[in-house]
Amino acid sequence: MISPGPSADDTTGSPGRGTAVTGGLIALGTLAATLAVLGALLGADAAGRGTGELRIPGSGRTTALRLAVFAALALHLGELAGGRLARTGPAPRSRAVPAALTGAAASAAQILVLAAVSGLDITTVYGTTDGRLLLVMANGFLLAAGCAALGHPGWALLPLAAVIGAESLRAHPEPYTPVLGVALTVVHLTAASLWTGSLLYVLRTLRLRRGDPAGARAVLVRYARLAVWPFVALAATGTVSTLRRLPADVVLTTAYGRVLIAKLVLVAVVSALALTARRRLRHGRDPTAPARAELALLAVVVLLSAILTVVPDPHWLSAQ
């Protein structure tokens, strides 16, 4: 039987218990957000310590803002996918609009960071390739927020696709086979957003439907079937991208290599947790504990992905 615990999204139950649970969730969320911000601000510099690589100006601020962009994509795309998985019945409160607005603000703020570290004025930065792509991302998020606010959430897929395309172009300006690199990033970012965001939405849905074990199990079964495809896409694109972007001789001596190794280890643990949840589901046991752990580690993977977009390309050190 699946019997998820109470949630802040649930309006039933005793007032005292609901207040205690809500307070605990707020405290836990605040702690997680604080750790995420600290990890984003310090991660790139910590990873590059002792490698001889040049420090990237504004790396901490940029990482934090890209983390916000990735989180916004995961929340919005995950809600769109999770809504189809949940079908009828009680649904969690929509977070699409605040997520998209956060993504728009984070994209626009990166333009300000770019202007600050380059010494250029805002008008000049708008004319650069990075500036134009960030503007596309900000406008894409705003359009997605408008679609959700007007009651047409499915329409947000097009502007969100534009956001993913612009981020893929901007985050990986490669002198070698750039088209392949961008295509790999598009698939990788989409799959990561769907996996993380839809798992979050499904877990929120289960909390609301704890009084209907059969219905909750049906949602989990549908999610388990869907999650196979993002996992396969992530594994394939991640393997190819690693072989392309990380020379074997600098795996341990570059910031990119160190962060990537940490990410791969976490992805392996996440995969094991996902398989554990599926096994429990198949045998009629409660899979929510490993699923929650899976979601927590996926959040760390997203943070490491944001750091990877900021640290230097490892090829320059390999060529020395």
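Provided above is the structure to which this section pertains.
First, a word on scope: everything that follows refers to the structure included in this document. (Residues numbered from 1 in each chain as written. Predicted model: local features only at pLDDT ≥ 70, side-chain atom pairs only at ≥ 80, totals over all residues. Heavy atoms only, no water.)

1. Brief notes about the overall build of the chain
When helices and strands are tallied, the chain shows 11 helices and zero strands. Each helix (α) and strand (β) of the chain, taken in turn from the N terminus, gives the series α-α-α-α-α-α-α-α-α-α-α. Across the 320 residues of the chain, 46% fall into the buried class. Within the chain, contacts between residues separated by at least 24 positions form 78% of all contacts whose residues are at least 6 apart in sequence. Element-wise, carbon and sulfur atoms account for 70% of the exposed surface of the chain, whose accessible area totals about 15,300 Å². (Helix = DSSP H or I, 4+ residues; strand = E, 2+ residues; numbered from the N terminus. Buried < 20%, exposed > 50% of the residue type's maximum accessible area, 1.4 Å probe, protein only. Contact = heavy atoms within 4.5 Å. Areas by Shrake-Rupley, 256 points an atom, 1.4 Å probe, with all protein chains shown as cover.)

2. A short note on the pattern of salt bridges
Close approach of charged atoms allows side chains of opposite charge to pair. Within the structure shown, the criterion is met by one salt bridge. Salt-bridge contacts for Glu167 lead to Arg170; the nearest nitrogen and oxygen are separated by 2.9 Å. Of this pair, Glu167 and Arg170 are both found in helix H6 (residues 157-171), three residues apart, which corresponds to roughly one turn of the helix. This pair shows no difference in class: Glu167 is buried, exactly as Arg170 is. (Salt bridge = Lys/Arg side-chain N within 4 Å of Asp/Glu carboxyl O.)

3. Section: the environment of Gly154
Tracing the sequence through the fold places Gly154 in the loop between helix H5 (129-149) and H6. For the pair Gly154 and Leu77, spaced 77 residues apart in the sequence, the C-alpha separation amounts to 9.8 Å.

4. A short note on the packing of helix H9 (residues 255-282) against helix H10 (residues 288-308)
A pair of packed helices can be characterised by two numbers: the angle between their axes and the separation between those axes. Their axes nearest at 9 Å, the elements H9 and H10 cross at an angle of 160 degrees. By the angle class used here, H9 and H10 are roughly antiparallel. Once H9 is placed against H10, the crossing between them reads as left-handed. Along the lines of polarity and charge, the residues of the contact of H9 with H10 split into 22 nonpolar, two polar and three charged. (Axes fitted to C-alpha atoms, helices over the stretch in contact; angles between N-to-C directions. Parallel < 35°, antiparallel > 145°, perpendicular 65-115°, else oblique. Left-handed = near helix turned anticlockwise from the far one by under 90°. Nonpolar A, V, L, I, M, F, W, Y, C, P; charged D, E, K, R; others polar.)

5. What to know about H9
The terminal C-alpha atoms of H9, which comprises 28 residues, lie 41 Å apart, in line with the 40 Å expected from a rise of 1.5 Å per residue. Gly284 lies just past H9 and shows a positive phi near 75 degrees. (Expected span 1.5 Å × (residues − 1).)

6. Some words on the nonpolar core
Counting 43 residues, the largest nonpolar core has Val69, Leu73, Phe141 and Leu160 as its most contacted members. When residues of this core are traced back to their parent elements, those giving at least two are helix H2 (59-86), helix H3 (96-118), H5, H6, H9 and H10. With eight residues, H2 is the single largest residue contributor to this core. Setting aside its immediate chain neighbours within four residues, Val69 contacts Gly103, Ala106, Ser107, Gln110, Met137 and Phe141. Core analysis: the second largest hydrophobic core is formed by 20 residues, Ala191, Ala227, Leu281 and Ala291 among them. (Core = buried A, V, L, I, M, F, W, Y, C linked by side-chain atoms within 4.5 Å.)

7. Thoughts on the side chain of Ser168
Inspection of the secondary structure assignment puts Ser168 in helix H6. Its relative accessible area of 0% is what places Ser168 among the buried residues. At a separation of 3.4 Å, a polar atom in the side chain of Ser168 contacts the main-chain amide nitrogen of Val186. Beyond its immediate sequence surroundings of up to four residues, Ser168 is in contact with Val182, Thr185 and Val186. (Polar contact = N/O pair within 3.5 Å; in protein donor to acceptor, adjacent residues only side chain to side chain.)

8. Some details on the packing of aromatic side chains
Throughout the structure, instances matching the rule amount to one aromatic pair. Summarising the aromatic geometry, the rings of Trp195 and Phe231 are spaced 5.9 Å apart at their centres and angled 85 degrees between planes, so their arrangement reads as edge-to-face. Placement of Trp195 in helix H7 (residues 178-208) and of Phe231 in helix H8 (residues 213-245) is noted, with a sequence separation of 36 residues between them. Given the relative accessible area of 4%, Trp195 is considered buried. Residue Phe231 is classed as partly exposed on the basis of its relative accessible area, which comes to 35%. (Phe/Tyr/Trp six-rings, centres within 6.5 Å; stacked < 30°, edge-to-face > 60°.)

9. Let's talk about a nonpolar patch on the surface
The grouping of Val228, Trp229, Phe231 and Val232 at the surface amounts to a nonpolar patch, some 390 Å² of accessible area in total. Along the chain, the position of Trp229 falls in helix H8. Take Trp229: its relative accessible area is 61%, and that puts it in the exposed class. (Patch = residues over 30% accessible without salt bridge, like charges linked within 9 Å, V, L, I, M, F, W, Y side chains within 5 Å.)

10. Examining the environment of Ala161
With respect to the element layout, Ala161 can be found in helix H6. Separated by 24 residues in the primary sequence, Ala161 and Met137 place their C-alpha atoms 9.6 Å from one another.

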